[in-house]
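# Report on the structure
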Amino acid sequence: MCTQEAFRAQRSQLVGLLVSGSLEGFESILDWLLSWEVLSWEDYEGLSLLGQPLSHLARRLLDTVWKKGAWGCEQLIAAVQEARAESQPLKQHGHWDPHSPHPARDLQCHRPAIVRRLYSHVEGVLDLVRAQGFISLYECDEIRLPIFTSSQRARRLLDLATVKANGLAAFLLQHVRELPVPLTLSFQDAACKKYTSKLRTTVSAQSRFLSSYDGAENLCLEEIYTENVLEIRAEVGMAGSPLQSPATVGLEELFSTRGHLNEDADTVLVVGEAGSGKSTLLQRLHLLWAAGQDFQEFLFVFPFSCRQLQCVAKPLSVRTLLFEHCCWPDVGQQDVFQFLLDHPDRVLLTFDGFDEFRFRFTDRERHCSPTDPTSVQNLLFNLLQGNLLKNARKVLSSRPDAVSALLRKYVRVELHLRGFSQDGIELYLRRRHREPGLADRLVRLLQATSTLHGLCQLPVFAWMVSKCHRELLLQGGGTPKTSTDLYLLILQHFLLHASLPDVSPRGLGPGLLRGRLPTLLHLGRLALWGLGTSCYVFSDRQLRAAQIDGEDISLGFLVRAKAALPGSTPPLEFLHVTFQCFFAAFYLALSADVKPSSLRHLFTCRQRGGWPLTRLLPTLCVRDSRREEGSVEALLQEAEQHNLQMTAAFLAGLLSREHRGLLAECQASEKALLRRHACARQCLARSLHKHFHSIPPALPGEAKSMHALPGFVWLIRSLYEMREERLAQRAVRGLNVGHLKLTFCGVGPAECAALAFVLRHLRRPVALQLDHNSVGDIGVEQLLPCLGVCKALYLRDNNISDRGICKLVEHALRCEELQKLALFNNKLTDGCAQALATLLGSRQNFLALRLGNNRITAAGAQVLAQGLRANTSLQFLGFWGNKVGDTGTQALAEALGGHQSLRWLSLVGNSIGSVGAQALALMLEKNVALEELCLEENHLQDEGVCSLAEGLKRNSSLKVLKLSNNCVTYLGAEALLQALEKNGTILEVWLRGNTFSPEEMEELSHRDSRLLL
């Protein structure tokens, strides 16, 4: 028991205890005392005065409680313990009668639970009671003063309900009971509350402004942020509808329940190419959390950069990682850390740039102690596996090549960041340039230059276009066509910006480049050394070793990085990893220290723990075991594959005929430059040629098929950067494949341009399969030059709209070789129907058109039917997953009644009922060519099936009829059995998923084995 004498003796300690937290913590103690009737309403009002120092209020509370006797003193101690307790669901005080005859009294008795329940919903409840007329606008604004937290606003609303006699108390008692139990903890320990507040402030400061890549300006992230296309990756063969395209999600759905690969894993993986906006996406997540706008299920968010973490040499524990490398708790470190361990589901850790982490993922070394230190890589790997902070959410961003199958075992959901959509490119430029007319001119320039438009799908290129808008709009020169062109343009922009004011901006001439050549070579050597050692941030010592001085830094290509340790001097990093690769290529092209023969190592580098590129390449390009440490050869052989590929593509572009003249005027030995060009040219051609000739022979009776290996797209990109027609011809000479597959290869508009540049020189037509990529409308436009050598084009899941297909068809009308188009799982609507109808009516050698799972309705089907009437060659028509309905089905059936070549027709999942079935039955009576009709997932029911049965009696060609999942009963099956008695041609009738009893299924299967139940 707590006597009054003991209470008075401990008064100073009690005062210290009450003022050690925040005012909100003090008010939570008052809630408990008020609910237990230790305090009267008068007592409470006297202790809730605004503007009073917390120490005065604490002493007044002690005085008030002491007057209540020993019982009051004991209750105060209990209230302090309740308020300081870890947040657990309230049991004793968590239930109340919503229809109580004394609502004001019940509000007071259950005040702690009601405050907690209101915490996450107070803004919505305020709007509701204001709309219901319970409080005035003035009273609502008083409660919403910015000095109050959500808990304090909830308390002031309850205070108002206590003194008002207009039914507000009864309304709250009922409405609050219906609110969901909040996830946000409102009664944290004082240290946790202070730490949460500090962490939010720290993260907000780091994420509120988006530093441009050159570090020259800070842009408000809220104003400039433009959403990228973010898709959920579904594992092939997963349960679920195979008809669905990859789901596109918003950032706020990052932790949704869709697309889970491993329900027991904690890690969300975001993959995207270099420059696709991964870092900005995470920065947006951090800002939304810090501002309280989203992701509030997490109390703690810890952002980390993998390129910074790998610089940490000393062993780390979880505690050290969170507190010393993110945010340090000013008080109660042990209490805060214990809370994190007890509530890991309230913790989010983000790790940006896993591809820049020099260590390859492994699960061999298990580490489960959150307090014992281990290496930084082992700590990260065990966090991702869930051996540490299990149930804490982790978000990991990376380029695709750095993600191994082993790492994917520990991934809960994988998201692909595709870059900007067409609308996103325009929106970004308009947000960057608010001057009247400027954004319009830039948008028109991109729309008129499809190659540049395609590059801008990646935000880093869109930033370059925005940065160099004056050069692009005012100088009247040719627009960039390749990545190298654009990086040379941004190089010109920076050099002109650093030059004297009287220097005329006439482009990247030899004089401008030659004057800065020593600096550029120093930067290039530093960049190459960084790639070879997986170093992306550079200390002062490393800069001095590379002979980088203040004047070199002032050019703007190196910018300050976020400090790896709080309070330390921020190191420097290149504007972006793509710039580091560009400068490395610049050094390889121009440095006198680089032997031409060493460039071959660009094409023989192995990715540690990954697929060796040497399988592609000629035997003359072999690793030299006698290389010197730190030499160009050694650095190239140690660099990561994805960085090496970008560097090789930039080198090919710099050595191209278009840019070789510029470099020659800066190079002391033109002969050495030509030798480098010859070496790169020869190695590219031989590598691709050997790749083609490694294809295994075709099986008897089948066309030779090739699925591109990981290095193929990179080799094509490098050839495209070099821009030599004869080289492209030589590279594909003798290629003899009937089917070229590049599915899941990250093919976007820029890769489409490269493919078209090379593949148009093929001597034999090829079926080109680009399913599950990011081609889009711009990419379709880039493919048009090679359409003449495509006998089939497969573009499943490529975010293509009517605009892209109309351009494709316009060109296809002149391409006699193209006979098959597969366009399912895109965004096609009735708007493309006329173009496709024209294609069908004009091309009498066209064989297959697959339009499944788009957005085509009856109107589009009616237009397409016109083209079908004029067509005599089509054999396959796929319409599954659209919405043609009965009306569209009638139009198609009428057009196909007399069609002499169609063998396969799919109308799965098109909301077809009995009327559409009747039209199809009439078509079956007339058609003598159709062999398979797919009608699953419709609404045929018995009436529609009976109509089809009548058509089958007069049909002599159909072999397979699929009627699964159509609400068919025994009556419909009986009609089909009668038809089968008169039809000896049909081999299978699918009736799975219909409404048959087990006894009926057994009987039907015995009566005719052609019924598949």
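The rules we used
Residues numbered from 1 in each chain as written. Predicted model: local features only at pLDDT ≥ 70, side-chain atom pairs only at ≥ 80, totals over all residues. Heavy atoms only, no water. Helix = DSSP H or I, 4+ residues; strand = E, 2+ residues; numbered from the N terminus. Buried < 20%, exposed > 50% of the residue type's maximum accessible area, 1.4 Å probe, protein only. Contact = heavy atoms within 4.5 Å. Areas by Shrake-Rupley, 256 points an atom, 1.4 Å probe, with all protein chains shown as cover. Core = buried A, V, L, I, M, F, W, Y, C linked by side-chain atoms within 4.5 Å. Pairing = 2+ DSSP bridges. Axes fitted to C-alpha atoms, helices over the stretch in contact; angles between N-to-C directions. 1 Å grid on protein atoms, 1.4 Å probe; cavity = no way out; pocket = protein on both sides within 12 Å on 5 of 7 lines; lining within 4 Å. Points joined across faces, edges and corners; volume = space filled by probe spheres on them. Expected span 1.5 Å × (residues − 1). Parallel < 35°, antiparallel > 145°, perpendicular 65-115°, else oblique. Left-handed = near helix turned anticlockwise from the far one by under 90°. Nonpolar A, V, L, I, M, F, W, Y, C, P; charged D, E, K, R; others polar. Salt bridge = Lys/Arg side-chain N within 4 Å of Asp/Glu carboxyl O. Phe/Tyr/Trp six-rings, centres within 6.5 Å; stacked < 30°, edge-to-face > 60°. Lys NZ or Arg CZ within 6 Å of the ring centre and 35° of its normal. Polar contact = N/O pair within 3.5 Å; in protein donor to acceptor, adjacent residues only side chain to side chain. pLDDT = per-residue confidence, 0-100.

### Things to note about the overall build of the protein chain
Counting its regular elements, the protein chain contains 47 helices and 22 strands. Relative to its full complement of 1013 residues, the protein chain shows a buried share of 58%. Considering only residue pairs separated by 6 or more positions, the protein chain has 78% of its internal contacts joining residues 24 or more positions apart. Summed over its atoms, the accessible surface of the protein chain is roughly 41,500 Å², and 51% of this surface lies on carbon and sulfur atoms.

### A short note on the nonpolar core
Formed by 274 residues in total, the largest nonpolar core has its most connected members in Leu 254, Phe 302, Phe 351, Leu 491, Phe 712, Leu 935 and Leu 963. Looking at this core, the element that brings in the most residues is helix H31 (residues 577-590), giving 12 residues. By size, the runner-up hydrophobic cluster in this structure holds 26 residues, among which are Trp 96, Ile 114, Cys 140 and Val 176.

### Examining the sheet that holds strand S5 (residues 300-305)
Across the sheet, 6 strands lie side by side as S3-S8-S4-S7-S6-S5; this open sheet has mixed pairing. Each edge of the open sheet is held by one strand with a lone partner, namely strand S3 (230-233) and S5. Taken pair by pair, the neighbouring strands of this sheet meet at an average axis angle of 20°, ignoring direction. In the sheet, S3 pairs with strand S8 (residues 411-417) via 4 bridges, with the strands oriented antiparallel. Among the inter-strand pairings, Arg 233 is bridged to a residue of S8, identified as Glu 414.

### Thoughts on the environment of Arg 869
For Arg 869, the location among the structural elements is in helix H42 (residues 858-869). A sequence separation of 29 residues divides Arg 869 from Gly 898, and the C-alpha atoms of the two residues are 8.6 Å apart. Not counting residues up to four positions away in its chain, the partners in contact with Arg 869 are Ala 891, Glu 894 and Ala 895.

### Quick notes on the side chain of Ser 591
Within the secondary structure, Ser 591 sits in the loop between H31 and helix H32 (632-638). If sequence neighbours within four positions are ignored, Ser 591 has contacts with Leu 521 and Arg 676.

### With respect to unusual backbone geometry
Positive phi outside glycine occurs at Phe 744, with the angle close to 55°. Within the secondary structure layout, Phe 744 lies in the loop between strand S12 (739-741) and helix H38 (749-759). Of note, Ser 911 is a non-glycine position whose phi angle comes to about 55°, a positive value. As for its position among the elements, Ser 911 is in the loop between strand S18 (904-906) and helix H44 (914-926). Given a relative accessible area of 33%, Ser 911 falls into the partly exposed group.

### Considerations on the sheet that holds strand S11 (residues 705-707)
Each strand in a sheet pairs with another by means of backbone hydrogen bonds, the pair being arranged parallel or else antiparallel. In spatial order, the strands read S11-S12-S13-S14-S15-S16-S17-S18-S19-S20-S21-S22; together these 12 strands make up an open sheet with parallel pairing. The open sheet has two free edges, formed respectively by S11 and strand S22 (1011-1012), since each of these has just one partner strand. Summarising the sheet, strand S14 (residues 790-794) and strand S15 (residues 820-822) pair through 3 bridges and their orientation is parallel. Within S15, the residue paired with Leu 793 across the bridge is Leu 821.

### Description of empty space enclosed by the protein
By the definition in use, this model includes 5 cavities of 30 Å³ or more. Taken as a whole, the second largest cavity spans an internal volume of roughly 50 Å³. Along its surface, the second largest cavity is lined by Thr 451, Leu 455, Lys 481, Thr 482, Ser 483, Arg 717, Tyr 720, Glu 721, Ala 750, Ala 753 and Gln 782. The leading source of residues in the lining of the second largest cavity is helix H36 (residues 710-722), at 3 residues.

### Here's the deal with helix H11 (residues 150-163)
Between the first and last C-alpha of H11 there are 21 Å, a value that for 14 residues agrees with the 20 Å anticipated at 1.5 Å per step. Where burial is concerned, most of H11 is hidden: 11 out of the 14 residues are buried. Those residues of H11 that fall on the buried side of the exposure criterion are Ser 151, Gln 152, Arg 153, Ala 154, Arg 155, Arg 156, Leu 157, Leu 158, Asp 159, Leu 160 and Ala 161.

### Here's the deal with the packing of helix H8 (residues 111-118) against helix H12 (residues 168-178)
Helix packing for two helices is described by the angle between their axes and how far apart those axes are. As a packed pair, H8 and H12 sit with axes 10 Å apart at the nearest point and diverge in direction by 60°. If you check the angle between H8 and H12, you find them oblique. The element H8 and its partner H12 pack so that their crossing is left-handed. Counting all contacts with H8, which are made through Ile 114, Arg 117 and Leu 118, the residues of H12 involved are Leu 173, Val 176 and Arg 177. The residue makeup of the contact of H8 with H12, split by class, is 4 nonpolar, no polar and 2 charged.

### Details of the environment of Phe 650
Inspection of the secondary structure assignment puts Phe 650 in helix H33 (residues 641-654). Measuring from C-alpha to C-alpha, the distance between Phe 650 and Thr 484 comes to 5.7 Å, with 166 residues separating the pair along the chain. Sequence-distant contacts of Phe 650, defined by excluding residues within four places in its chain, comprise Ser 483, Thr 484, Tyr 487, Thr 578, Cys 581, Phe 582 and Ala 585.

### Concerning the pattern of salt bridges
Counted by the stated rule, this structure contains 42 salt bridges. For Glu 721, the salt bridge identified is with Arg 717, shortest N-O distance 3.9 Å. Separated by 4 residues within a single helix, Glu 721 and Arg 717 lie in helix H36, roughly one turn from each other. Residue Glu 721 is classed as buried on the basis of its relative accessible area of 2%. For Arg 717, a relative accessible area of 16% puts it in the buried group. Among the ionic contacts, a cluster of salt bridges with common partners joins Glu 27, Asp 31, Arg 111, Arg 155, Arg 156 and Asp 159.

### Let's talk about the packing of aromatic side chains
Here the structure, examined in full by the defined rule, presents 35 aromatic pairs. With a centroid separation of 6.1 Å and an interplanar angle of 85°, the aromatic rings of Phe 357 and Phe 381 are classed as edge-to-face. Of the two residues, Phe 357 sits in the loop between strand S6 (347-352) and helix H19 (376-385) while Phe 381 sits in helix H19, which places them 24 residues apart along the sequence. Phe 381 sits in the buried class, given a relative accessible area of 2%. Positioned above the aromatic ring of Trp 990, the side-chain terminus of Arg 992 is 4.9 Å from the ring centre.

### Some details on the side chain of Ser 598
Mapped onto the elements of the fold, Ser 598 is located in the loop between H31 and H32. The exposure class of Ser 598 is buried, given its relative accessible area of 1%. Within the local environment of Ser 598, its side chain forms a polar contact with the backbone oxygen of Lys 595, the two atoms lying 2.6 Å apart.

### Some details on the pairing of strand S4 (residues 267-271)
Burial analysis of S4 places 5 of its 5 residues in the buried class, which makes it a mostly covered element. Here S4 shows no split at all, with Thr 267, Leu 269 and Val 271 on one side and Val 268 and Val 270 on the other all buried. Where S4 meets strand S7 (residues 393-398), 5 bridges bridge the pair, whose relative direction is parallel. If you follow Val 271 over to S7, its bridge partner there is Ser 398. With 5 bridges joining them, S4 and S8 adopt parallel strand pairing. Residue pairing for S8: Val 271 is matched across the bridge by His 416.

### Points about helix H46 (residues 970-982)
For H46, with 13 residues, the first-to-last C-alpha span of 19 Å sits near the 18 Å given by 1.5 Å per residue. Along H46, the residues classified as buried are Gly 972, Ala 973, Ala 975, Leu 976, Leu 977, Ala 979 and Leu 980.

### Here we look at the packing of helix H21 (residues 422-432) against helix H22 (residues 438-448)
For the pair H21 and H22, interaxial distance at closest approach is 9 Å and the crossing angle is 150°. Here H21 lies roughly antiparallel to H22, going by the angle between them. You can see that H21 and H22 cross each other, and the crossing is right-handed. Of H22, the residues touching H21 (which contributes Ile 425, Glu 426, Leu 429 and Arg 430) are Ala 439, Asp 440, Leu 442, Val 443 and Leu 446.

### Quick look at the confidence of the model for the protein chain
On average, residues of the protein chain score 85 in pLDDT, and 88% of them reach the 70 mark or higher. For residues 86-93, every residue scores under 50 in pLDDT, and the model assigns this stretch 16 contacts once sequence neighbours within four places are set aside. Under a pLDDT of 50 for its full length, residues 605-626 has, in the predicted model, 55 contacts with residues more than four places off or in other chains.

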